[in-house]
Amino acid sequence: MSPKTLYDKIWDAHVAHESEDGTCLLYIDRHLVHEVTSPQAFEGLRMAGRDVHAPDKTIAVPDHNVPTTPGRENPDQMTEDSRIQVAALDKNAKDFGIHYYPVTDVRQGIVHIVGPEQGWTLPGMTVVCGDSHTATHGAFGALAHGIGTSEVEHVLATQTLIQKKSKNMKVEITGKLRPGVTAKDITLAVIGETGTGGGTGYVIEYCGEAIRNLSMEGRMTVCNMAIEGGARAGLIAPDETTFEYVKGRPHAPKGAQWEAALNWWKTLYTDEGAHFDKVVTLKGEEIEPVVTWGTSPEDVLPISATVPAPESFKGGKVDAAKRAIEYMGLTPGQKLTDIQIDTVFIGSCTNGRIEDLRAAADIVKGKKIKEGMRAMVVPGSGLVRAQAEEEGLADIFKDAGFEWRLAGCSMCLAMNPDQLSEGERCASTSNRNFEGRQGYKGRTHLVSPAMAAAAALTGHLTDVRELMTENA
Amino acid sequence: MEKFEKLTGIAAPMPLVNIDTDMIIPKIFLKTIKRSGLGVNLFDEMRYERDGSEKPDFVLNKPQYREAQILVAGDNFGCGSSREHAPWALTDFGIKSVISTSFADIFYNNCFKNGILPIVLPQEAVDVLMKDTEKGSNARMIVDLEAQTVTTSDGEVFHFELDSFKKHCLLEGLDDIGLTMAKADAIQSFEEKAAQERPWV
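For clarity, every value in this text was computed on a predicted model and none was experimentally measured.

**Q** Summarise helix H3 (residues 80–96) of chain A; cite the residues concerned and give the values.
**A** All names here are of chain A. A rise of 1.5 Å per residue sets the reference length of H3, with its 17 residues, at 24 Å; its end C-alpha atoms lie 24 Å apart and thus fit the reference within 8%. Inspection of H3 places Ser82, Gln85, Val86, Ala88, Leu89, Asn92, Ala93 and Phe96 among the buried residues, and these make up the whole buried set. All buried residues of H3 fall inside an arc of 150° around its axis, so they share one side. Against strand E3 (30–33), helix H2 (39–48), strand E4 (58–60) and strand E5 (99–100) lie the buried residues of H3.

Dropping the structure here:
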């Protein structure tokens, strides 16, 4: 048998039907659902008189619209249209008998944090959701990607997707990361290297020593932003770190089933000599803490750099960079560390897990945020929030002057009341710095949790390593 | 779904690269539970001032492009969020085809579910088409799905590649779910086999 990549193996295990032209029906093991991209799909089912094919494999949670302030069980905290959308999910979950974590449940949170946390996401699975950041689940060695609402309806009705196979791409991060450099810096550095279209048509497998050394939280951060590089999905082969994370989770297999699962999961790696259509290699020790300066996730530079001149780019990027620099209110040649920050947002499916909060709290501990700074921590789930409170992280943040919020997507996409105002500049641990993403005319700099915490203390973009030396 | 046949229409230029789905339809319009009515908010932040008045410089506000049915766009069109509201807004406005050097994966797939034809062409071809859009409403571009060609107002013809299954579905206006349900037996046998091999799923 010819050697296979990890992607080949998972793909082959899920093809339910293949047509002559290579179009496949790919079977879906887990379908995650949230309130924004699902109402039209459920309406479509009702109109056609169709049922949900596999309700036991379908998990729903409201996250995009929900307020993150206390008392949010009261529907008056939401705008009319948000309330209708959340109520629609409540009703659809009940009517179709799918698993559901309502806003009042401590397990509620961002769908991509809840899935792994509850053990719904397991190695070797196919996982889809009407949300591009479904790529997150690839950290488990699961083939996971975002789909549109028509495809949500298709999966609800048939538990399959009509797909053609993507090409294989390998992203290898060799060596060890230096202190102050995190999974977020890896994933941003990769996009800086490949561009936002560099992964289009591919499924990426991340590998190499620096990836192997990451925790599951870090691996989820890396895979989360595979979509920002244009890839259909990102994958990391499961190993002992993965199995240890999964074991004992509410929906993980138990007993003899655990053993059987483990036997199969251990076969999920890329065979020696398997073919990749594209290979990108970065040296882990050369990656610095990075920030974005523009309005595309590919606008990445080390914190020690300066705002680039648009003329330094080629083709259509020259005009795009001009537009971005004007939108961001920056000047070419300006030091990135001279950029003043109004707001800090720590949270999202990229960086809203316990390890992210620990990294930020490490920097903040015993200090105060800059006067006039708005800073908030929005845990990715109710359980992350509870754990952070137990570990004393919540007190560290509150004592420093951070707002300590309830779980949700919050200011990552600002569909709920957490938004930037016009011209407000934010150091954010989220995933997109698009125009208007965090609020109309808001300005976003993407950073790691430690870098966000550093900016909250100093009031400007800051090399977190300087604060770490101070602490040591 | 409506069948896509031959389209003869006005083409509008949007040469900016990396036009993301947040630009195509900002999140405040995602709070709908319907598919229709989003055309008025297409490209909302680029198209309107905060008071709701039109920005006269925005391409689709210019008289010669208000009736555009084709967009000729910069590289990596539709990147970002998976929101199908983006093609819903495009189709509701009247856009039936988008031409670029590349598209983001999820957006590309979403187009076909909504009767929109995304066309990938090399840079040189897109440059010629972009130039052709300057004629605005004085010219018509022709998109022929059956022949897989785009023809400029001067008669220059460009051939494009397209997946045969996607082409078939668009030409016939087929409903994917109906097609898949016809393969219910294959799905059922897969489920039986998977239940044996991976009972923990």
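Having seen the structure, we can now continue with the description.
**Q** Explain the nonpolar core to me, using residue names and the numbers behind them.
**A** Grouped together as the largest cluster of nonpolar side chains are 113 residues, with contacts concentrated most on A:Val344, A:Phe402, B:Phe43, B:Phe77 and B:Leu90. Looking at which element gives the most residues to this core, the answer is helix H16 (residues 449–458) of chain A, with eight residues. Residues contacting B:Phe77, with those up to four places away along its chain left out, are B:Ile19, B:Ile24, B:Phe43, B:Leu71, B:Leu90, B:Val98, B:Ser100, B:Ser102, B:Phe103, B:Ala104 and B:Phe107. Core analysis: the second largest hydrophobic core is formed by 61 residues, A:Val61, A:Met216, A:Val246 and A:Trp258 among them.

**Q** Before we move on, can you summarise the packing of aromatic side chains with the specific residues and values?
**A** Centre distance and the angle of the planes are the two values used to describe a pair of aromatic rings. Summed over the entire model, instances satisfying the criterion amount to 17 aromatic pairs over all chains. Here A:Phe140 and A:Tyr245 contribute two aromatic rings whose centre-to-centre distance is 5.4 Å and whose plane-to-plane angle is 65°, an arrangement assigned as edge-to-face. Residue A:Phe140 is found in the loop between strand E6 (126–129) and strand E7 (143–146), and its partner A:Tyr245 is found in helix H9 (residues 240–246); the two are separated by 105 residues along the sequence. Among the aromatic side chains, those forming a connected cluster through ring pairs are A:Phe243, A:Trp258, A:Trp264, A:Trp265 and B:Trp200. Against the face of A:Tyr245 rests A:Arg249, its NZ or CZ located 3.8 Å from the ring centre. The ring centre of A:Tyr440 lies 3.7 Å from the NZ or CZ of B:Arg50, which sits over that ring.

**Q** Run through the pairing of strand E3 (residues 70–73) of chain B, naming residues and quoting values.
**A** Residues and elements named next belong to chain B. Here E3 shows no split at all, with Ile70 and Val72 on one side and Leu71 and Ala73 on the other all buried. Alignment of strand E2 (residues 11–14) against E3, held across four bridges, turns out to be parallel. For Ala11, the partnering residue across the bridge sits in E3 and is Ile70. With three bridges connecting them, E3 and strand E4 (residues 97–100) associate as parallel partners. Within E4, the position partnered with Leu71 by the bridge is Val98. A crossover links E3 with its parallel partner E4, the connecting element being helix H3 (residues 85–93), and its sense is right-handed.

**Q** Provide a residue-level description of the sheet that holds E5(A), including the pertinent values.
**A** All names here are of chain A. As summarised here, the arrangement of the five strands in space is E5-E4-E3-E6-E7, forming an open sheet in which the pairing is parallel. The open sheet has two free edges, formed respectively by E5 and E7, since each of these has just one partner strand. Where E3 and E4 come together, three bridges link them in parallel fashion. Each residue of the ladder has a partner; that of Val33, found in E4, is Ala60.

**Q** Kindly report on the interface of chain A and chain B, identifying the contributing residues and their values.
**A** It is common to give the size of an interface as the accessible area lost on bringing the parts into contact. Every contact between the two is made by 72 residues of chain A and, on the other side, 51 residues of chain B. Between chain A and chain B the total buried area reaches about 5,300 Å² when both faces are included, carbon and sulfur atoms providing 58% of it. Note that A:Arg50 is salt-bridged to B:Asp175, the shortest N-O span being 3.6 Å. Summed over the shared surface of chain A and chain B, the number is 26 residue pairs in polar contact (both at pLDDT 80 or more). Looking at the side of chain A that touches chain B, the elements with two or more residues in it are strand E1 (15–18), strand E2 (24–27), H2, H3, helix H5 (149–158), strand E8 (160–163), helix H10 (255–265) and helix H11 (317–328) of chain A. No other element matches the seven residues that H5(A) contributes to the side of chain A that touches chain B.

**Q** Requested: an account of the side chain of A:Thr23, with residues and values cited.
**A** Looking at the secondary structure, you find A:Thr23 in the loop between E1 and E2. One polar contact links A:Thr23 to A:Asp21, side chain to side chain, over a distance of 2.9 Å. Look past the residues within four positions of A:Thr23 in its chain and what remains in contact with it is A:His17, A:Glu18, A:Ile162, A:Gln163, A:Lys164 and B:Phe165.

What counts as what
Residues numbered from 1 in each chain as written. Chains lettered and ligands numbered in written order. Predicted model: local features only at pLDDT ≥ 70, side-chain atom pairs only at ≥ 80, totals over all residues. Heavy atoms only, no water. Helix = DSSP H or I, 4+ residues; strand = E, 2+ residues; numbered from the N terminus. Expected span 1.5 Å × (residues − 1). Buried < 20%, exposed > 50% of the residue type's maximum accessible area, 1.4 Å probe, protein only. Arc of directions from axis to C-beta. Contact = heavy atoms within 4.5 Å. Core = buried A, V, L, I, M, F, W, Y, C linked by side-chain atoms within 4.5 Å. Phe/Tyr/Trp six-rings, centres within 6.5 Å; stacked < 30°, edge-to-face > 60°. Lys NZ or Arg CZ within 6 Å of the ring centre and 35° of its normal. Pairing = 2+ DSSP bridges. Right-handed = clockwise from strand over helix to strand, strands pointing away. Buried area = accessible area lost by both parts, 1.4 Å probe. Salt bridge = Lys/Arg side-chain N within 4 Å of Asp/Glu carboxyl O. Polar contact = N/O pair within 3.5 Å; in protein donor to acceptor, adjacent residues only side chain to side chain.

Function-wise, these values are silent; they only describe arrangement.
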